Amino acid sequence: MEKLFESMYQLIVETSTNLPKDVRRAIKKAKENENAGTRSAMSLATISDNIKMADDNVSPICQDTGLPTFKIKVPVGVNQLKVKEVIKEAIVKATKDGKLRPNSVDSLTGDNSGDNLGIGLPVIKFEQWEKDYMDVRLILKGGGCENKNIQYSLPCELEGLGRAGRDLDGIRKCIMHSVYQAQGQGCSAGFIGVGIGGDRSSGYDLAKEQLFRRVEDVNPNEDLQKLEEYVMENANKLGIGTMGFGGETTLLGCKIGAMHRIPASFFVSVAYNCWAFRRLGVHINPETGEITEWLYQDGEDVDLSNAKEEAAATSESENRVVQLQAPITEEQIRELKVGDVVQISGMIYTGRDAIHKYLMDHDAPVDLNGQIIYHCGPVMLKDEEGNWEVKAAGPTTSIREEPYQGDIMKKFGVRAVMGKGGMGPKTLQALKEHGGVYLNAIGGAAQYYAECIKGVEGVDLMQFGIPEAMWHLRVENFTAVVTMDSHGNSLHEDVDKSSLEKLAQFKEPVFK
Ligand code: SF4
């Protein structure tokens, strides 16, 4: 069991820190297709840097290390209870070592267990098979993309596409719509797994199961193969692009599976996964517990270096670059326009769900006048001297703070909020009235941003747990894009509108 523990620990660490080669190949292709000097090209270059840094530092690719889901096939006779216990021990150690963020919270009290264990977590699903080895696969799927999963019950009416009936063409419309509705909020460019049929729960299971297929495999069902190819070709015409900044690549992979259903129900379930597609697998010798083979890691090393993009960024960039240091004045903010790239130096303060709820009814623990709130739940560890170290610190999905954000900015004089995926009309209105901006950092670029953090100057509200506490971070050249400004402009609204118009071109039947 000791060897199995080591193997499971290795699987968890590799999955969190080392992106599979099939995923890297898809990202490389997206970079080659993207136009030089655009915001999407800049984002892909940052993503590439981030992947390399995660390799070098053996640190989480993204700070949201997700909900661990294991799919395990075992020969008859393997003690599943013992395997489960070993996996739990490995999860606890990986959390302690900063390879996983403590992500498991009590659904009723919000208390964080601190070790990634909890009722029902991690998810471990066993199946028996006839082979004489174990097949263990792990996916770490973050909340930002999980929240963009969607399930359709056919027939239904879809914005832009009209009626989707109970046939292959109706399924096609649902899948196209699922990509549109995700916009950039699941850290596009993304991958989708689609499950056709089943009931609501087995449909979602089937969709997630598709994410364990290799990016380059070919569907053995001819109809589904054609559908996968169609979606790959056409979803990228929606123009949503990396991070929803607009661009050539919105989708990196599409895998579709089907199961039987009962006549009364017809579900199409879609599991959306961000570019930080962390899933790996191993074959294990059940006698020794040793890894005999790694899955998804075949083929040559993939070179994601950025030389071409860096040259293009200096010569053809569409972006104005502005240096920003807090406290920021209203005048400085009013000068910023959608599309500007900002490089922040000085202090930023993290705040996500618990902090925003708290600030509505309480005073802030620090003076936030003119300051920047960063929507981020970092991975933090104490070094040998007991000082906090940032292990991963990318942005989290901002839209969750929509009910609070505008009020908090006005109440405390906050001038900028930074996160990913954009915010809604209430925040946009507040930015206009109060003089504020929304900054979109590159989702998932947790190593890249951790490197921009030069010091942890303090922390407040630790009662909410590490990811939810307010961290005071000193940063240098922390780069983000202004996607909502103080003049009523929102890049997110613009991309949503234009992609909806483009979606409408796929209204006519394709599959009879
Ligand atoms: S890359 Fe984005 S969606 Fe994926 S886990 Fe990280 S923050 Fe969440």
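Parameters and conventions
Residues numbered from 1 in each chain as written. Predicted model: local features only at pLDDT ≥ 70, side-chain atom pairs only at ≥ 80, totals over all residues. Heavy atoms only, no water. 1 Å grid on protein atoms, 1.4 Å probe; cavity = no way out; pocket = protein on both sides within 12 Å on 5 of 7 lines; lining within 4 Å. Points joined across faces, edges and corners; volume = space filled by probe spheres on them. Helix = DSSP H or I, 4+ residues; strand = E, 2+ residues; numbered from the N terminus. Buried < 20%, exposed > 50% of the residue type's maximum accessible area, 1.4 Å probe, protein only. Polar contact = N/O pair within 3.5 Å; in protein donor to acceptor, adjacent residues only side chain to side chain. Contact = heavy atoms within 4.5 Å. Salt bridge = Lys/Arg side-chain N within 4 Å of Asp/Glu carboxyl O.

**Observations regarding empty space enclosed by the protein**
In step 1: With the rule as written, the count across this model stands at one cavity of 30 Å³ or more.
In step 2: Of the voids in this model, the largest cavity is the one considered here, and its volume is about 60 Å³.
In step 3: Taken together, F191, I192, G193, Q210, L211, R213, R214, V215, G253, C254, K255 and F277 form the lining of the largest cavity.
In step 4: Broken down by secondary-structure element, the contributors of at least two residues to the lining of the largest cavity are strand 7 (190-196) and strand 8 (251-258).

**Brief notes about the side chain of H492**
In step 1: Inspection of the secondary structure puts H492 in helix 15 (residues 491-503).
In step 2: What makes H492 buried here is its relative accessible area of 13%.
In step 3: A distance of 2.7 Å separates the side chain of H492 from the side chain of T483, its partner in a polar contact.
In step 4: With residues near it in sequence (within four places) discarded, H492 still touches Q183, G421, G422, Y438, N440, T483 and M484.

**So, the pattern of salt bridges**
In step 1: Throughout the structure, instances matching the rule amount to 30 salt bridges.
In step 2: For R320, the salt bridge is made with D340, and the minimal N-O distance between the two is 2.7 Å. With R320 in the loop between helix 9 (307-316) and strand 12 (321-325) and D340 in the loop between helix 10 (330-335) and strand 13 (341-350), this residue pair connects regions lying 20 residues apart in the sequence.
In step 3: Notably, a salt bridge pairs E433 with K410, separated by 2.6 Å at the nearest N-O pair. Of this pair, E433 sits in helix 13 (residues 425-434) while K410 sits in helix 12 (residues 402-412), and the two are 23 residues apart along the sequence.
In step 4: On the basis of relative accessible area, K410 is assigned to the partly exposed category, the value being 40%.
In step 5: Connected through salt bridges with shared partners, the residues R25, R214, E216 and D298 form a single ionic network.

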